Amino acid sequence: MAKMYVDNDGDISFLRDKVVAVLGYGNQGQAWAHNLRDSNVDVVVGNIRDASFDQAVKDGFDASDIGEAAAKADIQLLLMPDEVMPRIFHEEIEPVLKSGQMLVVASGYNVTYGFLTSPTNVDLVMIAPRMIGTGVRRGYLAGSGFPSLIAVHHNASGRAQQVMLALCKAVGTLKQGAVESSCDEETLCDLFNEHFGYVYSLRRAYELLVEAGASPEAAMLEFWASGEEMELARVHMTHGIFHQLKLHSQTSHYGQEVTSRLSDEEEEAERRRLRRIIARIKDGTFARDWSLEQLAGYPVWKRVQAENMAHPLIAEEERLLKKLGLLERDGHGD
Ligand code: NDP
């Protein structure tokens, strides 16, 4: 079993007299900045001059450009998008870094693939929430916290573990539990989850149900538009994936446990598909393709996105979500 750290394992006094820079005031950064401030940590915010910057000022933080904020701090939380992190680190943060300071990443990606290499006289740790930013804040306020994968990647000061656990406690993750991990493990699990094929499995189910005579509304309500999935996700978490089947009807339980089980050949084929995905993550093929895609201006992504947005499902979905009063994306809902 992986080691799990809980609230008693963190001692916030390791952050005494330290200034923590939240560099990137976005999904994660906003939640981290508020949680750390509420734990009496001295926080400064660094961000590009945009709406997020204005929000940081409105929220009462000492906000400045990224390099300026980093220069004021002892601990640098790299909470900007992974794609821009190496450049920003190299151009704005590295020049003001001092020996013995600490860098914190919330994702292992750039470390795993060598896009971010830190000086040897600086600590490098990972605190990677298994939670979106709103959940990081909500868990802190509720006192229940949120789970994370954590790792000391480079311990230059000899105190990296204690300072990392102090940060974990202050941001609220030790309330739920932080699991000892590594940048490589976090990257593998995170990318595999994203490459698994979830959205396409939902769309495939929709297409086949409509092909079989179901209305688009019935198909979408069955698979995602009813919100039943939220309740299912909750019982997966609270009961376990097979124990939660007892909460379903007998017909449903039997169908999910027996009928949906793949034959040995189908199972082997599916495992071969998934192992190919893992191999592309582990050998760096995915990271290389994604970097090339960014350099080229996202040609493949733009084409696939246009194809997906032109699918008949999109218009049907918008109609249904509007009728149900659920649509929240840009320009809709509240
Ligand atoms: P965001 O996409 O929310 O961006 C963070 C901030 O960086 C925003 O203020 C954003 O500005 C700013 N920013 C965007 N582009 C640039 C740029 N070119 N130069 C400088 N700043 C820029 O990031 P997240 O919070 O989603 O992710 C931060 C880190 O946390 C990443 O390492 C990510 O992998 C990790 N993480 C994220 C999770 C999540 O749920 N989002 C979960 C767990 C880990 P603007 O708001 O204007 O775009």
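Since the model is a prediction, treat every value here as computed from it, not as a measurement.

A description of the pairing of strand β2 (residues 19–23) should follow, citing residues and the corresponding values.
Of all five residues in β2, five are buried; the element is thus mostly enclosed. Residues Val-19, Ala-21 and Leu-23 of β2 are buried on one face, and the alternating residues Val-20 and Val-22, pointing to the opposite face, are buried as well. As judged from the five bridges shared by β2 and strand β3 (residues 42–46), these two strands associate in the parallel manner. When the bridges of β3 are listed, Val-22 appears paired with Val-45.

Explain the packing of aromatic side chains residue by residue, including any values.
Going through the model one piece at a time under the given rule, you end up with nine aromatic pairs. Geometrically, the ring pair formed by Tyr-109 and Phe-115 is tilted, given 6.1 Å between the ring centres and 40° between the ring planes. For the pair Phe-192 and Phe-196, a centre-to-centre distance of 5.5 Å together with 85° between the ring planes defines the contact as edge-to-face. A residue is classified by how much of its surface remains accessible, and Phe-196, at 41% relative accessible area, is partly exposed. The ring of Phe-61 has Arg-37 sitting right over it, with the charged end atom 3.9 Å from the ring centre.

Explain the nonpolar core to me, and be specific about the residues and the numbers.
If you look at the biggest cluster of nonpolar residues, it comprises 38 residues, and the most contacted ones within it are Leu-36, Ile-75, Leu-77 and Leu-167. Among the secondary structure elements, those contributing two or more residues to this core are β2, α1 (27–38), β3, α2 (51–58), β5 (75–78), β6 (102–105), β7 (123–129) and α7 (160–171). If one sorts the elements of this core by residue count, α7 sits on top with nine residues.

Break down the site of the ligand for me, with residues and values.
Taken together, 22 residues form the shell around the ligand, and within it Asn-27, Gln-28, Asp-50, Ser-52 and Asp-82 come nearest. A distance of 2.9 Å is found between an oxygen atom of the ligand and a backbone nitrogen or oxygen belonging to Asn-27. Here the ligand, which alone exposes 880 Å², has 72% of that area covered by the protein. Tallying contributions element by element places helix α4 (residues 85–93) first for the shell around the ligand, with three residues.

So, the pairing of β3: which residues are in play, and what are the values?
Counting buried positions over the five residues of β3 gives four, a clear majority of the element. Since β2 and β3 lie parallel, the crossover through α1 that links them has a hand, and here it is right-handed. Judged from the three bridges that link them, β3 and strand β4 (residues 62–64) form a sheet pairing that is parallel. Among the inter-strand pairings, Val-44 is bridged to a residue of β4, identified as Asp-62. Where the polypeptide runs from β3 across α2 and back to β4, its parallel neighbour, the crossover connection is right-handed.

Describe a nonpolar patch on the surface, listing the residues and the values that go with them.
On the surface, Tyr-198, Val-199 and Tyr-200 cluster together to form a nonpolar patch covering roughly 320 Å² of accessible area. Take Tyr-198: it is sitting in helix α9 (residues 198–211).

So, unusual backbone geometry: which residues are in play, and what are the values?
The backbone of Asn-40 sits at a positive phi, close to 65°, despite the residue not being glycine. We classify Asn-40 as exposed; its relative accessible area is 72%.

How would you explain the packing of helix α8 (residues 183–195) against helix α13 (residues 264–282) if you had to name every residue and give the values?
Contact geometry for α8 and α13: axes closest at 10 Å, N-to-C directions at 135°. Considering the angle they form, α8 stands oblique to α13. Between α8 and α13 lies a crossing whose hand is right-handed. Listed contacts from α13 to Thr-187, Leu-188, Leu-191, Phe-192 and His-195 of α8 are Leu-274, Ile-277, Ile-278, Ile-281 and Lys-282.

Could you give me a rundown of the sheet that holds strand β1 (residues 4–5), with the residues and numbers involved?
Taken in spatial order, the nine strands of this open sheet run β1-β9-β8-β7-β6-β5-β2-β3-β4, and their pairing is mixed. Strands at the two margins of the open sheet, each flanked by one partner only, are β1 and β4. Sitting on the sheet, α7 touches β1, β2, β5, β6, β7, β8 (148–154) and β9 (178–180), and the angle it makes with β8 is about 155°.

Before we move on, can you summarise helix α6 (residues 133–142) with the specific residues and values?
Restricting attention to buried positions, one finds in α6 the residues Gly-133, Gly-135, Val-136, Arg-137, Gly-139 and Tyr-140. Along its buried surface, α6 packs onto α1, β7 and α7. Phi for Gly-143, located one or two positions after α6, is positive at around 85°.

A description of the layout of surface pockets should follow, citing residues and the corresponding values.
Reported here for the second largest pocket is a volume of approximately 1,900 Å³. In terms of lining, the second largest pocket is formed by 38 residues, of which the most central are Tyr-198, Ser-201, Phe-223, Glu-229 and His-236.

Tell me about the environment of Cys-168, and name the residues and values.
Among the secondary structure elements, Cys-168 is positioned in helix α7. Note: C-alpha distance between Cys-168 and Leu-221 (53 residues apart in sequence) is 39 Å. Non-local contacts of Cys-168, meaning those with residues more than four positions away in its chain, are made with Ile-127, Ile-150, Thr-173 and Leu-174.

Could you give an account of the pattern of salt bridges, with specific residues and numbers?
Summed over all chains, the structure comprises 18 salt bridges. In this structure, the salt-bridge partner of Arg-49 is Asp-65, at a minimum N-O distance of 2.9 Å. Taken as a pair, Arg-49 in the loop between β3 and α2 and Asp-65 in the loop between β4 and α3 (66–72) lie far apart in primary sequence, 16 residues in all. Judged by relative accessible area, which is 57%, Arg-49 ranks as exposed. Among the salt bridges present, the one from Asp-289 reaches Arg-280, with a minimum N-O distance of 3.3 Å. Using a relative accessible area of 29% as the deciding quantity, one classes Asp-289 as partly exposed. The class of Arg-280 is partly exposed, set by a relative accessible area of 37%. The network of salt bridges with common partners includes Asp-7, Lys-169 and Lys-175.

Cut-off values and rules
Residues numbered from 1 in each chain as written. Predicted model: local features only at pLDDT ≥ 70, side-chain atom pairs only at ≥ 80, totals over all residues. Heavy atoms only, no water. Buried < 20%, exposed > 50% of the residue type's maximum accessible area, 1.4 Å probe, protein only. Helix = DSSP H or I, 4+ residues; strand = E, 2+ residues; numbered from the N terminus. Pairing = 2+ DSSP bridges. Phe/Tyr/Trp six-rings, centres within 6.5 Å; stacked < 30°, edge-to-face > 60°. Lys NZ or Arg CZ within 6 Å of the ring centre and 35° of its normal. Core = buried A, V, L, I, M, F, W, Y, C linked by side-chain atoms within 4.5 Å. Near = heavy atom within 4 Å. Polar contact = N/O pair within 3.5 Å; in protein donor to acceptor, adjacent residues only side chain to side chain. Areas by Shrake-Rupley, 256 points an atom, 1.4 Å probe, with all protein chains shown as cover. Right-handed = clockwise from strand over helix to strand, strands pointing away. Patch = residues over 30% accessible without salt bridge, like charges linked within 9 Å, V, L, I, M, F, W, Y side chains within 5 Å. Salt bridge = Lys/Arg side-chain N within 4 Å of Asp/Glu carboxyl O. Axes fitted to C-alpha atoms, helices over the stretch in contact; angles between N-to-C directions. Parallel < 35°, antiparallel > 145°, perpendicular 65-115°, else oblique. Left-handed = near helix turned anticlockwise from the far one by under 90°. Contact = heavy atoms within 4.5 Å. 1 Å grid on protein atoms, 1.4 Å probe; cavity = no way out; pocket = protein on both sides within 12 Å on 5 of 7 lines; lining within 4 Å. Points joined across faces, edges and corners; volume = space filled by probe spheres on them.

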